[in-house]
Amino acid sequence: MLPGQVVKRLEEKSRELGTRKVLVQLPDGLKPKCLEITKELENLGFDPVISGESNFGGCDLRFLDNAITLHVGHSEFLKDNRVVYWEYRVSVDPTDALEKALPKIAEKTICLVTTVQHLDYLDVARKLIEKCEKNVITKKGKGYPGQVLGCDAGAVGECDAVIFIGSGVFHAQFVALKTGKKVYAIDPYTREMQKVSGEKLANERYIRIEKGRDAKRIGVVVSSKPGQGNMGLGKTIVKKLRSKGKETAIILMDDITPYKLDNLNLDAYVIIACPRLVIDDWKNFRQPILLPDEALEL
Ligand code: SF4
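Criteria and cut-off values
- Residues numbered from 1 in each chain as written.
- Predicted model: local features only at pLDDT ≥ 70, side-chain atom pairs only at ≥ 80, totals over all residues.
- Heavy atoms only, no water.
- Near = heavy atom within 4 Å.
- 1 Å grid on protein atoms, 1.4 Å probe; cavity = no way out; pocket = protein on both sides within 12 Å on 5 of 7 lines; lining within 4 Å.
- Sits in = over half its atoms within 2 Å of the grid points.
- Domains from an automatic or database assignment.
- Contact = heavy atoms within 4.5 Å.
- Buried area = accessible area lost by both parts, 1.4 Å probe.
- Salt bridge = Lys/Arg side-chain N within 4 Å of Asp/Glu carboxyl O.
- Buried < 20%, exposed > 50% of the residue type's maximum accessible area, 1.4 Å probe, protein only.
- Helix = DSSP H or I, 4+ residues; strand = E, 2+ residues; numbered from the N terminus.
- Pairing = 2+ DSSP bridges.
- Right-handed = clockwise from strand over helix to strand, strands pointing away.
- Arc of directions from axis to C-beta.
- Core = buried A, V, L, I, M, F, W, Y, C linked by side-chain atoms within 4.5 Å.

**Examining the site of the ligand**
Logical step 1: Near the ligand the following residues occur: F56, G57, C59, F77, G150, C151, Q228 and C274.
Logical step 2: In this structure the site holding the ligand corresponds to the largest pocket.

This is the structure we're talking about:
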């Protein structure tokens, strides 16, 4: 199961760091493969431990003593000498899904984006879209050309609409919210297309800001994960909230969960962490949660 390239990088890293210990970070969808991966690594002479913690993105890195971290499912987000990234690209051809969706898309200039898992099919998708007499743009953001992250829509350039290839709608929602563009989310697994409405997201944003204005005691929750937290921004937001008469404090947190926020018993929270929590998961939280730029608008 481990690709040769990944084994090669693990061996190099092992020589560099002088260890055979490997901490394996699997995203939730791959966690059931923990026994298989353990066995495979042991057969290669490594000493693996599976991390049972979250692995939401390339920023969500975990470490154990002097072990190598094998981070699975995302592309490199942070440069760290101890980490080997295994992107885990999938072989799911989007042709059928695109052929079904394209007759319903009228826009002429299309920005084509996807997640790292589906990048190997970007050219297949581009050719199909071009066959429909459309112009296709692929730009580079923080990752590879055409790759979007749930916190980076830099791969979207000037266009009439965006086509996102991948599962779920979170990335498409983020792109719609950040760029204001119409996004067609095409799922190569289900072969379904969803139009992601920027309007609905703008409305949710407006509601969050209104709820934040009503709150008197607001926690500014800063993620302790290396690529997510920003203490300086936390301090700026605290200053702003206090100038509006709010009581506030900075709270440092690893995984941010409804249970942990319940314990703090405040009226609302600003989340300086992965934007997915606010954009996608807000319904799971009992209190209003806001993005940092929304807090600055209170
Ligand atoms: S902050 Fe969120 S969207 Fe960005 S890389 Fe990390 S997990 Fe992914």
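Here the narrative resumes, following the displayed structure.
**Some details on the domain arrangement of the protein**
Logical step 1: Each assigned domain of the protein is listed here: domain 1 (4–86), domain 2 (95–196) and domain 3 (200–295).
Logical step 2: Taking only C-alpha atoms into account, the centre of domain 1 sits 30 Å from that of domain 2.
Logical step 3: In this assembly, 4 residues from domain 1 lie in contact with 7 residues from domain 2.
Logical step 4: Counting the surface domain 1 buries against domain 2, the share from its top three residues, G73, S75 and F77, is 94%.
Logical step 5: Linking domain 1 to domain 2 there are 0 salt bridges.

**Brief notes about the pairing of strand β10 (residues 217–223)**
Logical step 1: Among the 7 residues that make up β10, 6 are buried, leaving the element largely enclosed by the rest of the structure.
Logical step 2: As paired elements, β10 and strand β11 (residues 247–253) share 7 bridges and run parallel to each other. Residue S223 lies in a different strand from β11, and its bridge partner there is M253.
Logical step 3: Between the parallel elements β10 and β11, the chain passes through helix α7 (residues 231–243) in a crossover that is right-handed.
Logical step 4: Bridging between β10 and strand β12 (residues 268–272) involves 5 bridges; their strand directions are parallel.

**Considerations on helix α2 (residues 34–43)**
Logical step 1: Within the sequence span of α2, burial applies to I37, T38, E40 and L41. One face of α2 carries all of its buried residues, which in axial projection span an arc of 165°. Residues L35, K39 and N43 are exposed on α2 and point more than 90 degrees away from its buried face.
Logical step 2: Buried residues in α2 make contact with α1 (4–17), β1 (21–25), β2 (47–51), β3 (68–72) and β4 (83–86).

**Observations concerning unusual backbone geometry**
Logical step 1: In this structure, D65 takes a positive phi of about 40° despite not being glycine.
Logical step 2: Relative to the helices and strands, D65 is located in the loop between β2 and β3.
Logical step 3: Its identity as a non-glycine residue notwithstanding, N265 has a phi of 55°, on the positive side.
Logical step 4: Assignment of secondary structure puts N265 in the loop between α8 (258–264) and β12.

**Brief notes about the pairing of strand β7 (residues 161–165)**
Logical step 1: The buried fraction of β7 is high, at 5 of 5 residues.
Logical step 2: Burial along β7 is two-sided: A161, I163 and I165 facing one way and V162 and F164 facing the other are all buried.
Logical step 3: Relative to β7, strand β5 (residues 109–114) runs parallel, the two being bridged by 5 bridges. Bridging across to β7, L112 finds its partner in I163.
Logical step 4: When β7 meets strand β8 (residues 183–186), the two strands line up parallel, connected through 4 bridges. If you follow V162 over to β8, its bridge partner there is V183.
Logical step 5: Handedness of the crossover joining β7 and β8 through helix α5 (residues 170–179): right-handed.

**Re the pattern of salt bridges**
Logical step 1: Following the criterion strictly, the structure yields 25 salt bridges and no others.
Logical step 2: Between E76 and K79 there is a salt bridge whose closest N-O contact spans 2.7 Å.
Logical step 3: Taking relative accessible area as the criterion, K79 reaches 73% and is therefore assigned exposed.
Logical step 4: A salt bridge links R205 to E294; the shortest N-O distance between them is 3.6 Å. In this pair, R205 is assigned in helix α6 (residues 198–214) and E294 in helix α10 (residues 292–295), connecting sequence segments 89 residues apart.

**Examining the nonpolar core**
Logical step 1: Membership of the largest hydrophobic core comes to 33 residues, with the highest contact counts inside it found for V162, V183, I256, L261 and I271.
Logical step 2: In terms of residue count, α5 provides more of this core than any other element does, 5 residues in total.
Logical step 3: Lining this core are residues from two domains, each supplying at least three of them: domain 2 (95–196) and domain 3 (200–295).
Logical step 4: Not counting chain neighbours up to four residues away, the residues in contact with V183 comprise V162, F164, A172, V175, A176, Q194, K195 and V196.
Logical step 5: Judged by nonpolar contacts, the second largest core, of 19 residues, contains L112, V116, L122 and I165.

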